[in-house]
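# Geometric and topological summary
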Amino acid sequence: MEKMSQDTPSEEFIDRKDLAVLWAVGILVSLLLSLGAFVWQPDLYEALQSTSLDETEARVENSQNQLVVDALNKQQIEYHISMKTAVKLKPVYIRLPSDLLRLLLFPTAPIVIIGLLIRKSKRFSKQNNP
């Protein structure tokens, strides 16, 4: 009898440690996913190729278009309708998966992780306090 009463507190202590580690890792992973979603900005625009017949003029025009695209994708400038001859939006089938992945990274995954941790904590609380 005496041995069983000694085992119960140590098992409970181990369970509390495990729960604390789960919370620490869960919050860390949630923060990393949130940070990754905020930092990662997929490119929305692509440069249009020059239609000029002169090779030098086409090369200069292409490099200028690329500079505009780089500035747009880094959000240094905003898109204006006059830029439609130099840049275009990437197709939806390319933008959609990256947008869905960003939604998965934040806020979906962190909310699911925290929800699972709360559920695990409730279950642990019910087991230890009948």
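Residues numbered from 1 in each chain as written. Predicted model: local features only at pLDDT ≥ 70, side-chain atom pairs only at ≥ 80, totals over all residues. Heavy atoms only, no water.

Now for the pattern of salt bridges. Should the charged atoms of two oppositely charged side chains come close, the side chains can pair. In the structure shown here, the tally under the stated rule is two salt bridges. A salt bridge links Lys 88 to Glu 46; its shortest N-O distance comes to 3.5 Å. With Lys 88 in strand E2 (residues 87-89) and Glu 46 in strand E1 (residues 45-47), this pair connects stretches of sequence that are 42 residues apart. Its relative accessible area of 23% is what places Glu 46 among the partly exposed residues. (Salt bridge = Lys/Arg side-chain N within 4 Å of Asp/Glu carboxyl O. Helix = DSSP H or I, 4+ residues; strand = E, 2+ residues; numbered from the N terminus. Buried < 20%, exposed > 50% of the residue type's maximum accessible area, 1.4 Å probe, protein only.)

What follows is about the confidence of the model for the protein. Across the protein, the average pLDDT comes to 89, with 89% of residues at 70 or higher. This stretch, residues 1-5, has a pLDDT under 50; its non-local contacts, to residues over four places away or in other chains, come to zero contacts. (pLDDT = per-residue confidence, 0-100. Contact = heavy atoms within 4.5 Å.)

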